[in-house]
Amino acid sequence: MDAITCEHVDRIFESKNRMVKALNDVTITVKKGELFGLLGPNGAGKTTLIKILTTLLLPTSGEAHVYGYDVTKDETKIRPIINMVSGGEFSGYGLLTVHENLWMFSQFYGIPGKEANKRIETLMERLGIVHMGDRKIRTLSTGERQKVSIIRAFMTDPRVVFLDEPTLGLDVETARLIRRFIQEWLAQDSQRTVLLTTHYMMEADELCSRIAIINEGKIVALDTPGNLKNMVKKEISLNIEVFPEIRVDWLNTLEGVMGFNSRDAGGNLNLRVVVDNDATVGEVLAGISQRGGKISYLNKEEPTLEDVFLKLTGRGLE
Amino acid sequence: MAIRSSLWLEYQIEANWTSPVIFILYNTLKPVGGSLLLLAMYYVVTGGFLGGEGLYFLYIGNAFYMLVAQTLFSVGWIIHDDREHYQTMKYLYISPLSYFTYLMGRSAMRFLLSLLPLSVLIGLGILLKIPYRIEILLLIGTFFLGWIFVISAGLLLSGVNMLTARHGNSIGQAFSGIFYLFSGVVFPIHVLPGWASTAALGLPSTYWFSLVRRSVLGKEVDSIMSGFTTGDVAVRLIIISVLFFVISYLTFRLADYLARKKGIIDMSTTY
Ligand SMILES: Nc1ncnc2c1ncn2[C@@H]1O[C@H](COP(=O)(O)OP(=O)(O)OP(=O)(O)O)[C@@H](O)[C@H]1O
Ligand SMILES: [Mg+2]
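The numbering scheme is per chain: residues are counted from 1 as the chain's sequence reads. Naming scheme: in the order in which they are written, chains are lettered from A and ligands are numbered from 1. The predicted origin of the model limits local features to residues at a pLDDT of at least 70 and limits the giving and counting of side-chain atom pairs to 80 or more, whereas totals for whole chains, interfaces and linings rest on all residues. To obtain the side-chain values, all non-hydrogen atoms of the structure were used and water was disregarded.

Asker: Just checking my understanding: could you explain the overall build of chain B for this structure?
Answerer: Under the scheme used here, helices are H or I runs from DSSP no shorter than 4 residues and strands are E runs no shorter than 2 residues, and both carry numbers assigned from the N terminus. Helix and strand counts for chain B come out as 10 helices and 0 strands. Listed by position from the N terminus, the elements making up chain B come as α-α-α-α-α-α-α-α-α-α. Throughout, radius of gyration means the C-alpha value; the globule benchmark is 2.2 Å times the number of residues raised to the power 0.38. The C-alpha atoms of chain B give 19 Å as radius of gyration, which agrees with the globular expectation for 271 residues (18 Å, within 12%). Taken over the C-alpha atoms alone, chain B extends approximately 55 × 40 × 35 Å along its principal axes. A buried classification covers 55% of the 271 residues belonging to chain B. Only four residue types enter the charge count, namely Lys and Arg as positive and Asp and Glu as negative; His and the chain termini do not. A charge is said to be at NZ when it belongs to Lys, at CZ for Arg, at CG for Asp and at CD for Glu. Computed over 17 positive and 12 negative side-chain charges, the separation of the two mean positions in chain B equals 2 Å. Burial here depends on accessible area, computed with a 1.4 Å probe over protein chains only, as a share of the maximum for the residue type. Under 20% is buried, over 50% is exposed, and the range in between is partly exposed.

What follows is the structure, given as structure tokens:
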């Protein structure tokens, strides 16, 4: 039996004058022991899929199972064996202390008091907040709160953990600590499974055994990070720094451009372009200078997941 | 275990934000002040203070009504607070504890906490020379049945709250208002227009307040309600409460299903 299966899952949101197809025929299988990544830009449907799998939301059609249990009917079977963490939020009863918050949730999971205290202690130590047990939640920083959230989820010893952008908005060091924690937790028991969403390429590349790239509700690719990167081996990834900042929408119409992404880099423009042949490289560079852009840096790079994404969707992630 | 934790959480949220002394003052002064205001109005309207059956009726009804109103007021905020303020709703919801059990626990604690100002009000009643004839067993049973009916109302309210964003507590207050006007709280139901007193006989609260007067004053002064024996009132209250509970439970379950279908369990409107 697989940890997670989705078969032809659709989710449509309807409001007064808008209809959004947040998930469009999503079919994935996550095996036990996997750290499976869901990579996609804002609005791609990542959170929607997590909500369906955590029994917070019903699919419009299709079927989804967690440990063989149907998410629409067997929620009471699923809930004891899952947990989740979302990034970028301020969750918790601010007037309770860290320990009280965690202890209360442990009781909702029926963990015996002594055992609960032991688990909380161990995890607080592991995440470097062991001295914060008596601090009120509302006095914590974003990173500290996120660590409490991680403990809340992992202390229940779930079989499957859903992590929805768990490192969103955290500093590099805290994010790294959390990533390492997730990896170690998985390594301790071959039956443990994690489904992680992110829009950080590196995070997905570093952590995940397999990645599904999702765009506008559709799974557009699903493979190991290595195989995904092989998809763009024939293509050329260019990293170009241009000054001053120029418009780049003309790249959309240039034949041979598979995708591009541009970022403002302090008055300069940082441009990542994926093209499918050498001739196009010349056309891109010519196009930049025609529009008054000067090139201060140009490099042909190893393909990354971002290039896969650019090729598949034609647009960037951030 | 789980239900104990929700009791504990309610206690923390309601009572533990400040020192016990301030909490007791806060928790007690509000209802006591409200009752005094009502007494002042009674004085103005009737031109006299002591000795009227009407005064006992009003005073006791009002004191016990506070139990209903305070519990419903608190329960009315639980879902919005968990969902939008504390952002814990989705985590509570996906835990093995049913959200329903959690709500039961929290409303039970709120009910218990409101017993304190109630005892103060009953004590003050001695100063007003209210002729108490407390039947303790009946009173305990009355509390228990009251808890069931208030929790049912709380569930119904929570079902509505599950599907709405930030109407805050206006629905809860509308709810309490119905019980206030149509259950013989401060005036007997026989003064209501005919259709309303008929409707009042379908509300569990009407029988509950009648039981309250019987267990505290030892008699019923409402001319419609005195037609029933205490046993009649109790049986009717039990039947209607059970019905009310079932209806509330089913409504809550339906709302819960619709919320999951619409995707608003963790809705956030605080952009
Ligand atoms: N409750 C809702 N009602 C209406 N539309 C919704 C609702 N929830 C999500 N959507 C829409 O569904 C689409 C997918 O949203 P979702 O939150 O799943 O994206 P995401 O991949 O998690 O994005 P992000 O990276 O920004 O978190 C979006 O267009 C969003 O506006
Ligand atoms: Mg999201």
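Asker: What should I look at first to understand the sheet that holds strand E9 (residues 210-215) of chain A in this one?
Answerer: Strands belonging to one sheet form pairs held by backbone hydrogen bonds; the direction of such a pair is parallel or antiparallel. Residues and elements named next belong to chain A. Pairing between two strands is assigned when DSSP locates at least 2 bridges connecting them. What the 6 strands build is an open sheet, ordered E6-E7-E8-E3-E9-E10; its pairing is mixed. Across the chains shown, the open sheet's two edge strands, defined by having one partner strand only, are strand E6 (82-86) and strand E10 (218-223). If you compare each strand with its neighbour and ignore which way they point, the axes differ by 15° on average. Any pair of residues with heavy atoms lying within 4.5 Å of one another is described as a contacting pair. For helices, the fitted line uses only the C-alpha atoms of the stretch in contact; every axis is such a line through C-alpha atoms, and the angle between N-to-C directions lies from 0 to 180 degrees. Here helix H5 (residues 142-154) sits on the sheet and contacts E6 and strand E7 (160-164); the angle it forms with E6, its principal contact strand, is near 170°. Sheet contacts for helix H6 (residues 172-187): strand E3 (35-39), E7 and strand E8 (193-198); angle to E8, the most-contacted strand, approximately 160°.

Asker: I keep staring at the site of ligand 1 and nothing clicks. Help me out?
Answerer: When we say a residue is near a molecule or strand, we mean one of its heavy atoms is within 4 Å of it. Near ligand 1, the surroundings consist of 14 residues, among which A:Gly43, A:Gly45, A:Lys46, A:Thr47 and A:Thr48 are the closest. Mapping the residues near ligand 1 onto chains gives chains A and B. Polar contacts here mean pairs of N or O atoms no more than 3.5 Å apart (in protein, one a potential hydrogen donor and the other a potential acceptor; neighbouring residues in sequence count only if both atoms are side-chain atoms). Take A:Ala44: an N or O atom from its main chain is 3.1 Å from an oxygen atom of ligand 1. Within the side chain of A:Glu165, an N or O atom sits 3.1 Å from an oxygen atom of ligand 1. Accessibility throughout is a Shrake-Rupley quantity obtained with a 1.4 Å probe, and a residue counts as covered only by protein chains that appear here. Notes on ligand 1: free accessible area 640 Å², of which the protein chains cover 69%. Mapped by element, the contributors of at least two residues to the shell around ligand 1 are strand E2 (18-30) and helix H1 (46-53) of chain A. Each residue belonging to the shell around ligand 1 can be placed in one class, and the counts come to 5 nonpolar, 6 polar and 3 charged. Just so you know the grouping, Ala, Val, Leu, Ile, Met, Phe, Trp, Tyr, Cys and Pro go in nonpolar, Asp, Glu, Lys and Arg go in charged, and all remaining residues, Gly too, go in polar.

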